[in-house]
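Chain by chain, the residues:
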Amino acid sequence: MLETGRLARRAAVLPAASVTRGAVVIRPLGAQSRFSLRTRPATAEALGTVAGFTLALPINRMSTAGERTSLRLGPDEWLLIGPEAETDELAEAVSAEFGERVFSLVDVSHRNVGIEITGRNAAHVLNAGCPLDLAEAAFPVGMATRTVLGKAEIVLARTGVDAWRVECWRSFATYVHGFLAEGALDFVAVTG
């Protein structure tokens, strides 16, 4: 059974201001609703979209519609991100659209923190601690996956040619933000 009702939000763990290093900007994202959705691939394909979230995606791809973003992280796993003010409504809408179908929806809003990194050297900054090939041909716009950044597990999504979204656990947020800010220092002399 889905439990509704909001827990008190935790205090922000990152500074509200952006960090700019040369041509790289690292910006903590505001509070958002986040859900871990698990269901059978056939169920997701049959539904296509629930509550404005696209489920019918290839693995390691993302889709954004307005303020709602869905990231397919595995055969039966999605990360759904939406407006914080709509957390309860989104949970209820997703549950209603699944009806009697088998699924699991867990509110992880309090667990995750989002960080945006933009600029022409953003991929290089990420590669300071991420082992993936982040060239556009290998990791195109709209791709999303689990990976690591330094010592922290993250979800990485390419939202634009020079724009990325990093999702990490709140307990790793200060480390991840600091890692990105330090990695960007290498580009200050080059670009700035």
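The rules we used
Residues numbered from 1 in each chain as written. Predicted model: local features only at pLDDT ≥ 70, side-chain atom pairs only at ≥ 80, totals over all residues. Heavy atoms only, no water. Pairing = 2+ DSSP bridges. Helix = DSSP H or I, 4+ residues; strand = E, 2+ residues; numbered from the N terminus. Axes fitted to C-alpha atoms, helices over the stretch in contact; angles between N-to-C directions. Contact = heavy atoms within 4.5 Å. Buried < 20%, exposed > 50% of the residue type's maximum accessible area, 1.4 Å probe, protein only. Salt bridge = Lys/Arg side-chain N within 4 Å of Asp/Glu carboxyl O. Core = buried A, V, L, I, M, F, W, Y, C linked by side-chain atoms within 4.5 Å.

Looking now at the sheet that holds strand β8 (residues 77-83). One open sheet accounts for 5 strands, arranged β6-β7-β8-β3-β9; its pairing is antiparallel. Each having just a single partner strand, β6 (61-65) and β9 (103-107) make up the two edges of the open sheet. Neighbouring strand axes in the sheet, compared pairwise and without regard to direction, differ in orientation by 20 degrees on average. Two strands pair when backbone bridges link them, and β6 and strand β7 (residues 68-74) are joined in this way by 5 bridges, in the antiparallel orientation. What sits directly across from Ser-63, in β7, is Ser-70. This element, helix α2 (residues 87-98), spans β3 (32-39), β7, β8 and β9 of the sheet and lies at about 20 degrees to β3.

What follows covers the pairing of strand β10 (residues 112-118). The buried fraction of β10 amounts to 5 of the 7 residues, a majority that puts the element mostly inside the structure. Here strand β2 (residues 24-28) runs beside β10; their pairing, made up of 4 bridges, is antiparallel. Paired with Pro-28 across the strands is Ile-115, a residue of β10. With 7 bridges connecting them, β10 and strand β13 (residues 163-169) associate as antiparallel partners. Looking at the pairing, Ile-115 lines up with Val-166 of β13.

Turning next to the pattern of salt bridges. Two side chains of opposite charge can pair, provided their charged atoms sit close to one another. One pass over the full model with this rule turns up 8 salt bridges. Linking Arg-38 and Asp-76 is a salt bridge whose minimum nitrogen-to-oxygen distance equals 2.9 Å. Of this pair, Arg-38 sits in strand β3 while Asp-76 is found in the loop between β7 and β8, placing the two residues 38 residues apart along the sequence. Classification of Asp-76 as partly exposed rests on a relative accessible area of 28%. Across the pair Glu-77 and Arg-146 runs a salt bridge whose closest N-O atoms are separated by 2.2 Å. With a gap of 69 residues between them, Glu-77 in strand β8 and Arg-146 in strand β11 (residues 144-149) connect regions that are remote in the sequence. Using a relative accessible area of 36% as the deciding quantity, one classes Arg-146 as partly exposed. Taken together, the shared-partner salt bridges in this structure form one network comprising Arg-34, Arg-165 and Glu-167.

It is worth spelling out the nonpolar core at this point. Formed by 27 residues in total, the largest nonpolar core has its most connected members in Ile-26, Ile-117, Leu-126, Leu-156, Trp-164, Val-176 and Leu-180. The set of elements that each furnish at least two residues to this core consists of β2, β10, α3 (122-127), β12 (152-160), β13 and α4 (173-184). Looking at this core, the element that brings in the most residues is α4, giving 5 residues. Other than its neighbours up to four places away in sequence, Ile-117 contacts Val-24, Val-25, Ile-26, Ala-122, Val-125, Leu-126, Asp-162, Ala-163, Trp-164 and Leu-180. Val-50, Leu-80, Val-94 and Leu-105 belong to the second-largest nonpolar core, a separate cluster that totals 15 residues.

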